Amino acid sequence: MRLGVIDIGSNTVHLLVMEARHGARPVPQASHKTTVRLMRYLEPDGSISAEGVAALHGAVGDAVAVGREHGIEATMALATSALRDATNGARLIADLSELAGVPVEVLGGEEEARLTFLAARRWYGWGAGRLLLLDIGGGSLEIASGVDEAPDVALSVPLGAGRTTREFLYEEDPPAKRDVERLRKHARQVLQDAVGPVRDAPAPDHAVATSKTFRSLARLAGMPRQVMGTGERWRMRQEHLADWEPRLAKLSSGDRTVLPGIGPGRARQIVAGAVVAEEAMRALDVDEVEICPWALREGAILQRLDHL
């Protein structure tokens with residue numbers, strides 16, 4: 001089956017075209033991404049502005065057209081925290097479902113964590129033992145832990161890189177030190193209240209992280225990992241991230257783009273992402289994470305194939 005997955009996230013609308021069949025590894029055939037950054041379109045009442053609605057319609061329409069060009073046989077459409085939390089989200093989801101030609105499935109935060117965990121488990125296999133997963137999106141941070149394909153614990157907290165940038169670090173570029181510390185204190189408090197079930201679970205054998213935010217940070221503050229096969233694999237230690245975070249905060253978003261792994265689309269929110277990543281690793285006593293290439297989209301595809 002040539003399957004198209006339209007992921008309507010807080011930062012991007014991303015189409016991934018995969019050759020997929022049960023029992024086989026999904027093979028990417030094409031990818032099309034439009035940067036939207038929905039958090040900048042949020043109104044005081046929690047709705048997405050008319051400009052943001054137009055941007056979403058354009059991005060989803062482009063994804064549908066590209067999928068058609070690549071001969072997809074079936075389409076999945078997923079929406080995560082930005083649409084889930086918007087006060088006009090229900091109406092917007094109905095419109096986007098009509099545009100996509102399939103119902104847009106709105107994932108809860110826990111379901112995001114579960115699907116991403118499934119992808120990581122399939123990537124690393126049973127030999128990895130108990131996994132601890134961290135995933136920073138635009139609107140939320142997902143955490144999951146378990147030894148099977150379904151995690152024992154899965155949770156989501158509103159600490160996405162886009163959301164926290166808008167709430168704490170949007171006024172100045174580079175951000176004021178006091179605002180970075182306000183964000184750090186907020187993230188620490190949110191995590192302290194939320195991660196008890198994860199800390200109470202058995203200690204993980206392997207800590208992994210997904211998402212563009214973690215990949216960008218690992219390219220900057222991490223190191224390559226020796227693996228068999230093609231492609232790069234990265235790992236990142238908490239102490240190296242903690243060393244880089246204040247240096248990132250002193251740079252303007254324009255200056256950050258010259259650093260490895262940080263493109264223009266992530267430059268403004270990478271400081272908030274670094275603060276959240278560091279505090280999450282600290283709250284969970286994680287010294288090092290390995291970056292997993294598979295995440296939510298791959299998890300959704302794998303679940304679809306299992307159901308078929």
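Look up: the structure comes first, before these words.
Residues numbered from 1 in each chain as written. Predicted model: local features only at pLDDT ≥ 70, side-chain atom pairs only at ≥ 80, totals over all residues. Heavy atoms only, no water.

Engineer: Go over the nonpolar core with me, naming the residues and quoting the values.
Structural biologist: Within the largest apolar cluster, 50 residues are counted, with the highest numbers of intra-cluster contacts made by Leu-141, Ile-143, Phe-214, Leu-248 and Val-289. It is helix H12 (residues 270-283) that provides the largest number of residues to this core, a total of 10 residues. Formed by 27 residues, the second largest nonpolar core is a distinct cluster that contains Ile-8, Val-13, Ile-48 and Val-60. (Core = buried A, V, L, I, M, F, W, Y, C linked by side-chain atoms within 4.5 Å. Buried < 20%, exposed > 50% of the residue type's maximum accessible area, 1.4 Å probe, protein only. Helix = DSSP H or I, 4+ residues; strand = E, 2+ residues; numbered from the N terminus.)

Engineer: So, the sheet that holds strand S11 (residues 234-237): which residues are in play, and what are the values?
Structural biologist: In spatial order, the strands read S8-S7-S6-S9-S12-S11-S10; together these 7 strands make up an open sheet with mixed pairing. Across the chains shown, the open sheet's two edge strands, defined by having one partner strand only, are strand S8 (153-157) and strand S10 (223-224). Direction of pairing for S11 relative to strand S12 (residues 288-291): antiparallel, over a ladder of 3 bridges. Opposite Met-236, over in S12, you have Val-289 as the bridge partner. Here helix H8 (residues 212-221) sits on the sheet in contact with strand S6 (131-136), strand S9 (206-210), S10, S11 and S12, set at roughly 75 degrees to S11. Of the strands in this sheet, S10 and S11 touch helix H9 (residues 238-249), which is tilted by about 75 degrees from S11. (Pairing = 2+ DSSP bridges. Contact = heavy atoms within 4.5 Å. Axes fitted to C-alpha atoms, helices over the stretch in contact; angles between N-to-C directions.)

Engineer: Go over empty space enclosed by the protein, please, and point to the residues and values.
Structural biologist: A full pass over the atoms with the stated rule returns 1 cavity of 30 Å³ or more. Estimates place the volume of the largest cavity at around 30 Å³. Along its surface, the largest cavity is lined by Leu-169, Glu-172, Asp-173, Pro-175, Arg-256, Arg-268 and Val-271. The residue makeup of the lining of the largest cavity, split by class, is 3 nonpolar, no polar and 4 charged. (1 Å grid on protein atoms, 1.4 Å probe; cavity = no way out; pocket = protein on both sides within 12 Å on 5 of 7 lines; lining within 4 Å. Points joined across faces, edges and corners; volume = space filled by probe spheres on them. Nonpolar A, V, L, I, M, F, W, Y, C, P; charged D, E, K, R; others polar.)

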